[in-house]
Amino acid sequence: MTNDKDLLAKELLVLYPDFTDDELKEATKNLRYFYTQAVKVALKNQENKQNTNVDNKNHSNRPH
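Keep in mind that this is a model prediction, so the values were computed, not measured.

## A look at the overall build of the protein
And then number 1: A count of helices and strands for the protein gives 2 helices and 0 strands.
And then number 2: Expressed as a percentage of its 64 residues, the buried residues of the protein come to 6%.
And then number 3: Here the protein has roughly 6000 Å² of accessible surface; of this, 55% comes from carbon and sulfur atoms.

Structure representation (structure tokens):
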């Protein structure tokens, strides 16, 4: 079975046929790192937004 790194490298090879194997490996590594970090940030932001919404709901239900 082909892993995601190999699939991404094959796609990059189509787009950039003049790249060497080392350049393709580096580009693949950089893209995977970028998107992994982007997903982590997006998930953290979503989690923070949900926590803020829960805090706001709890705060508005408190007696004054």
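Read on for the rest.
## What about the side chain of Thr 28?
And then number 1: Summarising the element assignment, Thr 28 is placed in helix H2 (residues 21-60).
And then number 2: If near-sequence neighbours (up to four positions away) are discounted, Thr 28 is found in contact with Lys 5, Leu 8, Ala 9 and Leu 12.

## Some words on the packing of aromatic side chains
And then number 1: Scanning all chains against the criterion turns up 2 aromatic pairs.
And then number 2: Between the aromatic rings of Tyr 16 and Phe 19, the centroid separation amounts to 4.9 Å while the plane-to-plane angle is 25°, which identifies the pairing as stacked.
And then number 3: Taking relative accessible area as the criterion, Phe 19 reaches 34% and is therefore assigned partly exposed.
And then number 4: Measuring from centroid to centroid gives 4.9 Å for Phe 34 and Tyr 35, while their planes differ by 80°, and the two rings are edge-to-face.

## A closer look at the pattern of salt bridges
And then number 1: If you walk through the whole model with that rule in mind, you get 3 salt bridges.
And then number 2: Where Asp 4 meets Arg 32, a salt bridge forms, and the shortest distance between an N and an O atom there is 3.0 Å. Here Asp 4 is found in helix H1 (residues 4-15), whereas its partner Arg 32 is found in helix H2, with 28 residues between them in sequence.
And then number 3: On the accessibility criterion, Arg 32 (32% relative accessible area) is partly exposed.

## Quick notes on the environment of Thr 28
And then number 1: On the accessibility criterion, Thr 28 (3% relative accessible area) is buried.
And then number 2: Separated by 18 residues in the primary sequence, Thr 28 and Lys 10 place their C-alpha atoms 9.7 Å from one another.

Cut-off values and rules
- Residues numbered from 1 in each chain as written.
- Predicted model: local features only at pLDDT ≥ 70, side-chain atom pairs only at ≥ 80, totals over all residues.
- Heavy atoms only, no water.
- Helix = DSSP H or I, 4+ residues; strand = E, 2+ residues; numbered from the N terminus.
- Buried < 20%, exposed > 50% of the residue type's maximum accessible area, 1.4 Å probe, protein only.
- Areas by Shrake-Rupley, 256 points an atom, 1.4 Å probe, with all protein chains shown as cover.
- Contact = heavy atoms within 4.5 Å.
- Phe/Tyr/Trp six-rings, centres within 6.5 Å; stacked < 30°, edge-to-face > 60°.
- Salt bridge = Lys/Arg side-chain N within 4 Å of Asp/Glu carboxyl O.

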